[in-house]
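# Results of the structural survey
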Amino acid sequence: MSEMTEIDEAEARGRTELWPFWRRVYAQGDPLPRFAAPAGTPRHRFDEGDGLPEEYRGLLLKMLRHEGERAGNKSFLGFMATCLDLAEAIFPDATSRLIKAEYLAEELKHAIMFHRLAVGLERDFALKDVPYAHYAFHLPRETWADDAYFHFFVDLNGAFHARDWRESSYVPLAKMSATVERDELGHSEMGYYFLQRICETPRGKAVAQHLLGKWYPAALDMFGRSDSPNVPKFIGWGLKSVGNAEIREAYKTYVDAKLAALGLDLPDERAHRRFL
Amino acid sequence: MGDIVEEIRAAYGRVGITLDRPATYGTYYRLLCAGCGKMVGNVGDRLLPGMAAALVEQQFDLYATGGLGCPCGHQREVTRGGDPARWEAAQRRHGESA
């Protein structure tokens, strides 16, 4: 039995009515849009151990640095510790706190998966400490609604990127993409579940509406600048299918519908943005 | 990151919240109630310049009405003392939900 099979079985044993949150969503059909590379894009395919073109290797490492979920990345593990620390301080009830522990378990599973991938790619990189650079990972979280928004928005960003990796030219990444996508969507749904509970009271909804102004621009900013000069290179090498503007727009359509369903007013999409 | 951390410290100091020592490898910090020491949140040190002050400023109403801050009420009192007129206005605006 492989290590990952054991983890899969442990996960299955740990399922509850709520967890994993992705289960109910995927049972209703594919929740995410499909991304396709522009017609005529060259088809590349590289597996572990293959010689990689220098530019390709550089872009792949850049992408994985941003992703960050590696067992050898102490900053990622530190960030996970803040999630538990925060849950301990501000959790609304015991069930919510346990759900957060399930979330952490699943992120640590990703840390194992990406560690294996990194070791197969470049051992020095596997041990590299890379703190999250984007400000969305550093926004203050001072209430359960902040934490819920973090998961709803930021983990969903991960799900959208993982969806795009299904067609990745790097085979180890394509192989794990469906699992990462599913889990990250579930983490986003966990955040959404908490937001639903918070918005059940007028006071909670007022706080959520106020805090949406903090998280919404950060969420849209996470996709980077629409005119990023690296995007055509990523697409050309088959590491991405679509540009930052396209994936951001698909993401925005998705989150806007979910936020509207909560009865929240959507912020101006250009307000407080740093990376248009 | 030193300048950003000092920005964060100053911004939160204005509403009665203290920045604790770095919690994880110097990247994330606990936010503590300056009144009773209870942890009220956390923040990372990669905020962009000016962002901490703007965020805390935008959250004034939430501190003033108890939507954010410690259950001991310290942030509510600090914001009241810092800008009584704005504090009163926040109570009126959020009267139905606070």
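These lines cover the structure that appears in this document, whether it is placed above or below. (Residues numbered from 1 in each chain as written. Chains lettered and ligands numbered in written order. Predicted model: local features only at pLDDT ≥ 70, side-chain atom pairs only at ≥ 80, totals over all residues. Heavy atoms only, no water.)

### Quick look at the overall build of chain A
A tally of helices and strands in chain A yields eleven helices and zero strands. Along chain A, helices and strands appear, N-terminal first, in the series α-α-α-α-α-α-α-α-α-α-α. Contacts in chain A between residues far apart in sequence, at least 24 positions, make up 83% of those at least 6 positions apart. Total accessible area on chain A stands at roughly 11,900 Å², and carbon and sulfur atoms take up 52% of it. Side-chain charges of chain A comprise 36 positive and 42 negative groups, with the mean position of each set lying 2 Å from the other. (Helix = DSSP H or I, 4+ residues; strand = E, 2+ residues; numbered from the N terminus. Contact = heavy atoms within 4.5 Å. Areas by Shrake-Rupley, 256 points an atom, 1.4 Å probe, with all protein chains shown as cover. Lys, Arg positive; Asp, Glu negative; His and termini not counted. Charge placed at Lys NZ, Arg CZ, Asp CG, Glu CD.)

### Quick look at helix α2 (residues 51-58) of chain B
One turn of an α-helix holds 3.6 residues; hence residues three or four places apart share an orientation. Looking only at α2 of chain B, the buried set comprises Met 51, Ala 52, Leu 55 and Val 56 of chain B. The buried residues of α2 of chain B all sit within an arc of 125 degrees when viewed along its axis, so they share a single face. (Buried < 20%, exposed > 50% of the residue type's maximum accessible area, 1.4 Å probe, protein only. Arc of directions from axis to C-beta.)

### Some words on the interface of chain B and chain A
Size of an interface: often given as the accessible area lost when the parts come together. Listed as interface residues are 34 residues of chain B and, on the opposing side, 30 residues of chain A. In terms of surface lost to chain A, no three residues of chain B exceed Tyr 28, Asn 42 and Arg 46 of chain B, which account for 22% of the buried area on that side. The interface formed by chain B and chain A includes one salt bridge. Asp 85 of chain A serves as the salt-bridge partner of Arg 30 of chain B, at 2.7 Å between the closest nitrogen and oxygen. (Buried area = accessible area lost by both parts, 1.4 Å probe. Salt bridge = Lys/Arg side-chain N within 4 Å of Asp/Glu carboxyl O.)

### Description of the packing of helix α5 (residues 94-121) of chain A against helix α8 (residues 171-198) of chain A
For any two helices packed against each other, one specifies the crossing angle of their axes together with the interaxial distance. All names here are of chain A. Where α5 contacts α8, the axes come no closer than 11 Å and their chain directions differ by 165 degrees. What the angle tells us is that α5 and α8 run roughly antiparallel. Both α5 and α8 take part in a crossing whose hand is left-handed. Residue-level inspection shows Ser 96, Ile 99, Lys 100, Tyr 103, Glu 106, Glu 107, Lys 109, His 110, Met 113, Phe 114 and Leu 117 of α5 in contact with α8, the latter providing Pro 172, Leu 173, Met 176, Thr 179, Val 180, Arg 182, Asp 183, Glu 184, His 187, Met 190, Tyr 193 and Phe 194. Of the residues assigned to the contact of α5 with α8, the class counts are twelve nonpolar, four polar and seven charged. (Axes fitted to C-alpha atoms, helices over the stretch in contact; angles between N-to-C directions. Parallel < 35°, antiparallel > 145°, perpendicular 65-115°, else oblique. Left-handed = near helix turned anticlockwise from the far one by under 90°. Nonpolar A, V, L, I, M, F, W, Y, C, P; charged D, E, K, R; others polar.)

### Description of the pairing of strand β1 (residues 17-24) of chain B
Residue and element names in this part refer to chain B. Alignment of β1 against strand β2 (residues 28-33), held across five bridges, turns out to be antiparallel. Following the sheet pairing, Leu 19 is matched in β2 by Leu 31. Taking the residues that link successive antiparallel strands as the turn, the β1-β2 hairpin has three residues, and the phi of Tyr 25 there is positive, at about 55 degrees. (Pairing = 2+ DSSP bridges.)

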